[in-house]
Amino acid sequence: MGVTSDRVEYVCRYGGNGTTTSGVNVSIAAEVTMEIHSVCLPPKESTFQKLKHRLSEIFFPDDPLYRFKDQTWCKKLVLGLQFLFPILQWGSHYDLNLFKSDVVSGLTIASLAIPQGISYAQLANLPPIIGLYSSFVPPLMYSLLGSSRHLAVGPVSIASLVMGTMLSEKVSPVQHPTLYLKLAFTATFFAGLFQASLGFLRLGLVIDFLSKATLVGFMAGAAIIVSLQQLKGLLGIVHFTTKMQLIPVLTSVFHHTKEWSWETIVMGFSFLLLLLTTRHISMKKPKLFWISAAAPLTSVILSTLLVFLIKSKVHGISIIGHLQKGLNPTSTNMLYFNGQYLALAIKTGIVTGILSLTEGIAVGRTFASLKNYQVDGNKEMMAIGLMNMASSCTSCYVTTGSFSRSAVNYNAGAQTAVSNIVLAGTVLVTLLFLMPLFYYTPNVILAAIIITAVIGLIDYKAAYKLWKVDKLDFLACICSFFGVLFISVPLGLGIAVGVSVVKILLHVTRPNTLVLGNIPATQIYQSLNRYKEASRVPSFLILAIESPIYFANSTYLQERLLRWVQEEEERIKANHESTLKCIIIDMTSVTAIDTSGIDMVCELKKMLEKRSLVLVLVNPVGSVMEKMHRSNFLGTNSLFLTVGEAVADISASWKPQP
């Protein structure tokens with residue numbers, strides 16, 4: 001059958017043995033008229049039209065300009081401003097009831113964000129005040145630019161850990177505090193620039209290489225390392241390793257037993273137990289979320305009062321000390337754009353930018369799905385990126401949407417991004433008036449807060465699910481986990497991404513092929529291995545390819561298909577069945593083909609013809625069909641719309657004509 005619009009009809013008559021020519025049992029003397037459909041070429045398009053369509057599918061699957069169609073210029077301007085600043089879209093409908101909910105949720109997350117901000121800044125080896133600065137400007141920026149109603153913005157543990165690890169490997173925050181601070185702000189600027197660029201160029205596919213399996217292992221390994229690092233604060237150790245591997249950290253803990261402070265240990269583990277207990281209660285009873293949300297700030301207040309009351313009797317507990325009052329000072333003069341450490345700042349910025357972007361978008365989409373609204377991934381990249389670029393100029397470091405704070409925000413009843421404005425307002429009051437109150441806050445309580453926060457990143461249930469569902473995903477998870485524990489945080493992440501890329505290459509270069517059989521009394525053809533009731537069709541070998549055909553897998557596919565033919569011929573010979581005459585390849589799942597793939601199919605056809613075998617293709621998609629047509633591969637009776645039609649038509653052509 002050629003590639004035409006003509007339709008060919010024929011009558012398939014059944015013999016007295018009750019089977020069709022395709023081997024399907026039916027009633028004797030039944031007569032069925034089957035219409036053979038042609039396989040059509042896609043509509044003709046110019047090269048420019050094809051390129052435009054392809055680029056549109058790659059970069060604009062969500063069609064962001066649809067809202068501007070058939071609108072006046074004035075309306076387009078308003079819609080454009082609303083697109084850039086979502087607050088203009090929902091702000092006109094804002095009312096007092098929404099404000100009440102947002103105030104409650106904003107104050108609630110502020111009680112969590114203030115102690116976490118101080119703690120995470122120390123995790124990044126930055127002054128505690130930087131953590132508070134980073135909980136003021138970024139939430140304000142996001143409330144103007146972000147599209148999520150529930151994302152609570154601020155410092156997060158993973159980005160803080162990675163930044164602290166990568167920068168401290170080259171520059172000591174103790175010996176060169178000013179240089180370290182400059183590199184932190186510069187890394188934040190490049191993180192924002194990278195994030196905004198991904199959003200502007202609509203290259204969100206870059207962060208897709210961080211698979212769920214990779215992140216599960218990475219976060220679990222990072223959580224363990226972070227927790228062990230906090231033993232410095234929990235035990236009161238003064239001299240502690242700056243390395244972030246398991247063995248050096250444990251070695252440092254037990255090599256400095258003489259520095260352990262029993263006062264610090266008692267206070268630290270007491271508050272750690274309190275924080276873990278409140279976390280457990282909130283997990284068991286979600287309605288009591290406020291208990292774990294209020295626990296960090298409550299712990300800070302209680303521990304600060306305790307240290308203040310017993311300061312004359314206990315000298316072994318280290319405290320935060322003086323924190324500068326006032327708003328964020330400008331840091332534009334501290335951005336480091338030349339010098340020997342510029343490459344370090346750029347690399348740190350890109351890595352922390354990818355991690356924070358992945359977390360922020362994932363968290364935003366999670367809570368958006370719970371409330372049935374949509375979060376634009378590319379727009380979120382631009383919002384988070386611009387937020388971090390502005391933050392780098394106002395003494396802040398990398399921030400994004402935090403899962404723990406966003407969960408509290410959601411459960412507290414947040415309705416819009418105004419909750420972030422309330423959070424920023426609360427931090428503003430703290431910066432202006434309440435900083436002296438943190439003077440006696442013990443460092444041990446910050447360590448306990450960090451451990452409580454990161455322990456939730458160890459998702460053993462997800463790892464077990466990976467093992468049950470996909471062993472290669474589990475391998476990526478394990479490589480990420482042990483890479484972080486024993487090598488380093490960035491290299492562990494790199495190894496995991498490498499394993500994920502290898503997995504993709506395996507799927508591309510070694511695609512799945514299978515043999516199909518007919519399900520009795522139907523025109524359905526499915527895998528013989530999967531459907532036990534499916535049966536082979538005499539004289540036919542029906543194969544399916546479940547992958548695009550590219551240069552990377554064309555040679556493998558040719559060898560694998562020829563092996564199927566050889567195995568089928570050996571099976572037929574062993575069972576004394578009908579001679580193999582036709583090979584049918586179902587191309588329904590072949591979504592694309594290149595010139596190497598077409599050459600492979602042509603070569604395969606020639607090799608089969610030398611063995612007196614006919615090659616037939618079934619249901620190629622439009623782009624594949626067009627390329628094969630242009631290559632002059634297509635010929636009479638080479639293409640069919642379904643496997644059933646191919647089997648019936650070819651079988652009929654083998655019957656002697658009356």
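Just so it is clear, the structure is predicted and the values come from calculations on it, not from any experiment. (Residues numbered from 1 in each chain as written. Predicted model: local features only at pLDDT ≥ 70, side-chain atom pairs only at ≥ 80, totals over all residues. Heavy atoms only, no water.)

Engineer: Looking at this structure, how should I read the nonpolar core?
Structural biologist: Side chains of nonpolar character tend, in soluble globular proteins, to be buried together. Core analysis: the biggest nonpolar cluster contains 113 residues, and L126, I129, I130, V162, F218, L355 and L431 have the highest contact counts within it. Among the elements that line this core, the one with the most residues is helix α8 (residues 177-200), at 11 residues. Leaving out residues up to four positions away in the same chain, L355 has contacts with I158, V162, L210, L215, F218 and L493. By size, the runner-up hydrophobic cluster in this structure holds 33 residues, among which are I519, L528, I585 and L604. (Core = buried A, V, L, I, M, F, W, Y, C linked by side-chain atoms within 4.5 Å. Buried < 20%, exposed > 50% of the residue type's maximum accessible area, 1.4 Å probe, protein only. Helix = DSSP H or I, 4+ residues; strand = E, 2+ residues; numbered from the N terminus. Contact = heavy atoms within 4.5 Å.)

Engineer: Please explain the packing of aromatic side chains as it appears in this structure.
Structural biologist: Two measures describe an aromatic ring pair: the distance that separates the ring centres and the angle between the ring planes. Counted according to the given criterion, the structure contains 10 aromatic pairs. Both rings, one in F367 and one in Y410, keep their centres 5.3 Å apart while their planes meet at 40°; by these two values the pair is tilted. In this pair, F367 is assigned in helix α14 (residues 342-370) and Y410 in helix α16 (residues 403-411), connecting sequence segments 43 residues apart. Across the ring face of W467, the terminal group of K471 is positioned such that the distance to the ring centre comes to 4.7 Å. The ring of W564 has R560 sitting right over it, with the charged end atom 4.1 Å from the ring centre. (Phe/Tyr/Trp six-rings, centres within 6.5 Å; stacked < 30°, edge-to-face > 60°. Lys NZ or Arg CZ within 6 Å of the ring centre and 35° of its normal.)

Engineer: Would you mind going over a nonpolar patch on the surface with me for this structure?
Structural biologist: The grouping of L77, L81, L84, F85, L88 and L144 at the surface amounts to a nonpolar patch, some 520 Å² of accessible area in total. Among the elements that take part in the nonpolar patch, helix α2 (residues 73-84) stands out by supplying 3 residues, more than any other. Here L88 is to be found in helix α3 (residues 87-90). (Patch = residues over 30% accessible without salt bridge, like charges linked within 9 Å, V, L, I, M, F, W, Y side chains within 5 Å. Areas by Shrake-Rupley, 256 points an atom, 1.4 Å probe, with all protein chains shown as cover. Salt bridge = Lys/Arg side-chain N within 4 Å of Asp/Glu carboxyl O.)

Engineer: Sorry if this is basic, but what is going on with the UniProt feature "transmembrane region" (unreviewed entry) in the protein chain here?
Structural biologist: Sequence positions flagged by UniProt for "transmembrane region" (unreviewed entry) are, in local numbering, residues 179-201, 213-240, 260-276, 288-310, 341-363, 417-438, 444-462 and 474-502. Across residues 213-240 one finds 79% helix and 0% strand; the C-alpha atoms that close the span lie 32 Å apart. Secondary structure content for residues 288-310 is 96% helix and 0% strand, while the C-alpha to C-alpha distance between its ends is 33 Å. (UniProt positions renumbered as here; feature names shortened; annotations may be inferred.)

Engineer: Is there a simple way to explain helix α15 (residues 377-392) in this structure?
Structural biologist: Think of an α-helix as turning once every 3.6 residues; residues three or four places apart then point the same way. With 16 residues, α15 ought to run about 22 Å at 1.5 Å a step, and its terminal C-alpha atoms sit 23 Å apart, in line with that. Most of α15 is tucked away: 13 of the 16 residues are buried. (Expected span 1.5 Å × (residues − 1).)

Engineer: What am I meant to see in the sheet that holds strand β10 (residues 639-640) here?
Structural biologist: Pairing is mixed across the open sheet formed by 6 strands, whose spatial order is β6-β5-β7-β8-β9-β10. Because the sheet does not close on itself, it has two edges, and the strands there are β6 (525-527) and β10. Bridge count for strand β5 (residues 513-518) against β6 is 3 bridges, and the pairing is antiparallel. Residue pairing in the sheet places N518 in a bridge with Y525 of β6. In this fold helix α23 (residues 595-610) packs onto β8 (582-586) and β9 (614-618), with an angle of close to 145° to the strand it touches most, β9. In this fold helix α25 (residues 643-654) packs onto β6, β7 (540-545), β8, β9 and β10, with an angle of close to 155° to the strand it touches most, β7. (Pairing = 2+ DSSP bridges. Axes fitted to C-alpha atoms, helices over the stretch in contact; angles between N-to-C directions.)

Engineer: Would you explain the packing of α8 against α15 in this entry?
Structural biologist: Working note: a packed helix pair is described by the angle between its axes plus the distance between those axes. With their axes 7 Å apart at the nearest point, α8 and α15 run at an angle of 155° to one another. By the angle class used here, α8 and α15 are roughly antiparallel. Handedness of the crossing formed by α8 with α15: left-handed. Contacts from F185, T188, F189, G192, L193, Q195, A196, L198, G199 and F200 of α8 reach α15 at N378, M381, M382, I384, G385, L386, N388, M389 and S392. (Parallel < 35°, antiparallel > 145°, perpendicular 65-115°, else oblique. Left-handed = near helix turned anticlockwise from the far one by under 90°.)

Engineer: How should I be thinking about the packing of helix α9 (residues 212-229) against helix α20 (residues 471-486) in this particular structure?
Structural biologist: Relative to each other, α9 and α20 sit at 25°, their axes nearing to 7 Å. When the interaxial angle is binned, α9 and α20 end up roughly parallel. Between α9 and α20 the crossing geometry is right-handed. Taking contact as the criterion, the partners of A213, T214, V216, G217, F218, A220, G221, A222, I224 and I225 in α9 are, on α20, D473, A476, C477, S480, F481, V484 and L485. In terms of residue class, the contact of α9 with α20 is made up of 12 nonpolar, 4 polar and 1 charged. (Nonpolar A, V, L, I, M, F, W, Y, C, P; charged D, E, K, R; others polar.)

Engineer: When you look at α8 in this model, what are you seeing that I'm missing?
Structural biologist: Under the 1.5 Å per step criterion, the end-to-end length of α8 is 34 Å for 24 residues, consistent within 8% with the ideal 34 Å. A positive phi of about 55° marks R202, the residue just after α8.

Engineer: Looking at this structure, I do not really get the environment of G492. What am I missing?
Structural biologist: In this fold, G492 is placed in helix α21 (residues 489-509). Put simply, G492 and F481 are 11 residues apart on the chain and 7.1 Å apart in space, counted from C-alpha to C-alpha. Leaving out residues up to four positions away in the same chain, G492 has contacts with C479, S480, G483 and V484.

Engineer: So what exactly am I meant to see when it comes to the pairing of β9 here?
Structural biologist: In regular strands, side chains alternate between the two faces of the sheet. The buried fraction of β9 amounts to 4 of the 5 residues, a majority that puts the element mostly inside the structure. Relative to β9, β8 runs parallel, the two sharing 5 bridges. Within β9, the position partnered with D586 by the bridge is V618. In this fold, the crossover linking β8 to β9 by way of α23 has right-handed handedness. (Right-handed = clockwise from strand over helix to strand, strands pointing away.)

Engineer: How do you make sense of the environment of D473 when you look at a structure like this?
Structural biologist: Structurally, D473 can be placed in helix α20. Here D473 falls in the buried class, since its relative accessible area comes to 19%. Residues D473 and A496, 23 residues apart in the sequence, show an inter-C-alpha distance of 9.7 Å. Every residue in contact with D473, bar those within four places of it in the chain, is listed here: A213, L466 and K503. Within the structure, the side chain of D473 is placed 2.6 Å from the side chain of K503, a separation counted as a polar contact. (Polar contact = N/O pair within 3.5 Å; in protein donor to acceptor, adjacent residues only side chain to side chain.)

Engineer: What is the right way to read the side chain of S105 from this model?
Structural biologist: Along the chain, S105 turns up in helix α4 (residues 96-123). When neighbours within four sequence positions are excluded, S105 is seen to be in contact with N409, A412, G413, A414 and S419.

Engineer: Even after reading the chapter, I still don't get the environment of N409, so can you show me in this structure?
Structural biologist: When you line up the elements, N409 lands in helix α16. Along the chain, N409 and R149 lie 260 residues apart, while their C-alpha atoms are 9.5 Å from each other. Those residues in contact with N409 that sit more than four places away from it in its chain are S105, I109, R149, H150, L151, A152, A414 and S419. A distance of 3.0 Å separates the side chain of N409 from the backbone oxygen of H150, its partner in a polar contact.

Engineer: How should unusual backbone geometry be read in this particular structure?
Structural biologist: Working note: non-glycine residues mostly have negative phi, and peptide bonds are mostly trans. A positive phi angle, close to 55°, is found at H576, a residue other than glycine. Relative to the assigned elements, H576 resides in the loop between α22 (554-575) and β8. The exposed category is assigned to H576, whose relative accessible area is 70%. Phi is positive for N619, which is not a glycine, with a value near 55°. Tracing the backbone shows N619 in the loop between β9 and α24 (622-630). For N619, a relative accessible area of 25% puts it in the partly exposed group.

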